[in-house]
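# Geometric and topological summary
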Amino acid sequence: MSWKYKAFTLKDAKLSGLGLYTYLIVLLVKCACIKRNLYNNYPIVLLPDGRETTIHVLKDITKRYYFTLRENSPHFSIAVTPCDVPIEWNILHYKTALGSLGKIPDDFGPVDDLKTQSQYKDVTTLFHYKGNSVETYVGTFSNPSFFMLEFLSSERDTHITVYLTTDLMHGNRFPELPFDPRIEVTAVSHNSASLVWKSSPSALKSRENIEYCLLVNEKHNYKSLCAADTAVRSAGGKWGQQSTFPISSYSQETQSVMVLSNREFSIVHKTNNADVRQICIGNRNTYTVFNLSSNTQYYFDVFVVNLNTNASAAYTGSFAKTLAEPKPKLIQMKDGKIVRLSFDGIRQKSYSLEYQGMHKKVQFTFQTCRGQIRAQILKNGKILVSETIENLRHIILKGKVMDKYVVVLKSAQRYPSSIMVQASSYIHKSLFPLFPDNLKIKSFNKLRTCDSITIAWLGTQERSMYCVYKKKIEEDQIWSDMSNVDKCLGPESRPKSEKVSCKYFHDVNLQKAVATETINGLEKGVSYMLDVYLMGSSGTLLRYQGKVVKTRKKC
């Protein structure tokens, strides 16, 4: 195919020098517009100088941009960042043939594939790349020139960012990477990994304008911040309208944000399958990532970010597998002996207790002293019981003589908790007292006066001692006082002034086993927390759920 341009000739234009160059550029763009079918119906767009451009590329459709060089700016640099899938891109140089005094070959014109470009002596492929890495090309031309950029995605629709600058002295917006940009994993435990990397030359020049940000995930490494941002979006996460490193100051429903210091923050992005952590740490080049899952492979990426331009460069990512959680030491339980365990609410600690039954029936008794405890009972590796324990719980299991049971206990909450555990093959000799089905204390509104309160609670058929205690409490402290009660502490921990009475009680008919107590000498319009303790024959106690009642203001 040959292109003829009888309407535009050099003779008619009577141009020379820069005017000739301008004429040729206009002519070339007109030709490109006329032959738009060669460009997949895309118009050729001018690529702006000194500004990062986001370009959307449709699958199997080449998208083209052009730019020019003039005599006073012979240098240029182009950086292309794929944001999702590998792309193929080229830089084509169209010679202006100024040395031939403006003579243009009849068959001169841009083409739409690399195979046919070779037959055009006026078109040169300066650069060709296919992949998903960030690539930069720097060129120098003494004569005014015209350049075409071609972008093609073979996998799916995607987007890329392109940065062109003709000012190499001041136009570099990307921070520099060191000669060896690898991330080294220096230490790994079952829940943490320590990382170190060489400092960016940009950080050494201007520490205030440079920041390091980490990305931690369980899938793979990312070669650019743009690619990481796209992956989180496609997985269902949200981290801003644009790439949020390192200036993410807001939180979405899918984020958990922790501000570490003035220049440090951590964001956990909740995705469909796993969490993605974004951690910005200022200009330090070492960091230890905590709270990782055990026996899990993690991928670590470090991005150095220019805070002035928000542009970033990616270090070579690394990965490491955390160590398996050490098997907890088995605590041997003796028959009938009570074991008390505590959890600090910070570390996800667990206890494993082993008990060998002496008879076919075995009874496990749990009494939480504070908070809620997640309990599992296993036999031969099979889970027999799995539930959250609060207050008192008896569990009777049937098996064979000398069966071995393992009890695994974990805190169900993120604040301190504790529990007492007992296992026994002699069910009738349990150290824990018998207890009613309902451990709540009931108050009677009609019997409530300005200086007295009447309460009732359920008892048992076994003769036991019940002690009643009262405590004056401020209304704004009710929740904190009741949530911090240690139910395993007995009356000996209470001041004598809080004691109301102690009495023995039982009833063969459980429907009539209801004990009552009237507490006198109270202040008008004041709230009191009332407690009842059941003291077993073995000395082990059971504490009922506390009740807060307020005396009347007017009588």
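Small disclaimer: the values here were computed from a predicted structure and weren't measured.

The buried count for strand E22 (residues 350-356) comes to 5 of 7 residues, which makes it a mostly enclosed element. The sheet contact formed by strand E20 (residues 330-332) and E22 spans 3 bridges and is parallel. Each residue of the ladder has a partner; that of Leu 330, found in E22, is Ser 352. When E22 meets strand E27 (residues 404-411), the two strands line up antiparallel, connected through 7 bridges. If you follow Ser 350 over to E27, its bridge partner there is Lys 410.

On to the confidence of the model for the chain, then. For the chain, per-residue confidence averages 79 on the pLDDT scale, and residues scoring 70 or more make up 78% of the total. Scored below 50 in pLDDT, residues 1-18 shows 29 contacts in the model against residues more than four places distant or in partner chains. Contacts of residues 32-39 to residues separated by more than four positions or lying in other chains number 18 contacts, the stretch itself having pLDDT below 50.

Attention now moves to unusual backbone geometry. With phi around 60°, Asn 291 is a residue other than glycine that occupies positive phi space. Examined against the element boundaries, Asn 291 turns out to sit in the loop between strand E16 (286-289) and strand E17 (297-306). Using a relative accessible area of 65% as the deciding quantity, one classes Asn 291 as exposed. Positioned with a positive phi, Asn 295 is a non-glycine residue whose angle comes to about 55°. Relative to the elements of secondary structure, Asn 295 occurs in the loop between E16 and E17.

The subject of this paragraph is a nonpolar patch on the surface. A grouping of Met 358, Val 401, Met 402 and Tyr 426 is seen on the molecular surface, where their side chains present a nonpolar patch of about 350 Å² in accessible area. Note that Met 358 resides in the loop between E22 and strand E23 (361-370). Judged by its relative accessible area of 41%, Met 358 falls in the partly exposed class.

Turning our attention to the sheet that holds strand E7 (residues 135-140). The strand order E2-E9-E4-E7 describes an open sheet built from 4 strands, whose pairing is antiparallel. Sheet topology places strand E2 (51-57) and E7 at the edges, where each strand pairs with a single neighbour. With direction set aside, neighbouring strand axes in the sheet form an average angle of 20°. Sheet topology places strand E4 (residues 75-82) next to E7; 6 bridges connect them, and they run antiparallel. From the neighbouring strand, Ala 79 faces E7, where its bridge partner is Thr 136.

Let us look at the sheet that holds strand E6 (residues 123-131). Taken in spatial order, the 5 strands line up as E1-E3-E8-E5-E6 in an open sheet, and their pairing is mixed. The sheet terminates laterally at strand E1 (45-46) and E6, the two strands that pair on one side only. Pairing of strand E5 (residues 87-94) with strand E8 (residues 145-152) involves 7 bridges; the strand directions are antiparallel. Of the residues in E8, the one forming a bridge with Ile 91 is Leu 149.

Conventions we followed
Residues numbered from 1 in each chain as written. Predicted model: local features only at pLDDT ≥ 70, side-chain atom pairs only at ≥ 80, totals over all residues. Heavy atoms only, no water. Buried < 20%, exposed > 50% of the residue type's maximum accessible area, 1.4 Å probe, protein only. Helix = DSSP H or I, 4+ residues; strand = E, 2+ residues; numbered from the N terminus. Pairing = 2+ DSSP bridges. pLDDT = per-residue confidence, 0-100. Contact = heavy atoms within 4.5 Å. Patch = residues over 30% accessible without salt bridge, like charges linked within 9 Å, V, L, I, M, F, W, Y side chains within 5 Å. Areas by Shrake-Rupley, 256 points an atom, 1.4 Å probe, with all protein chains shown as cover. Salt bridge = Lys/Arg side-chain N within 4 Å of Asp/Glu carboxyl O. Axes fitted to C-alpha atoms, helices over the stretch in contact; angles between N-to-C directions.

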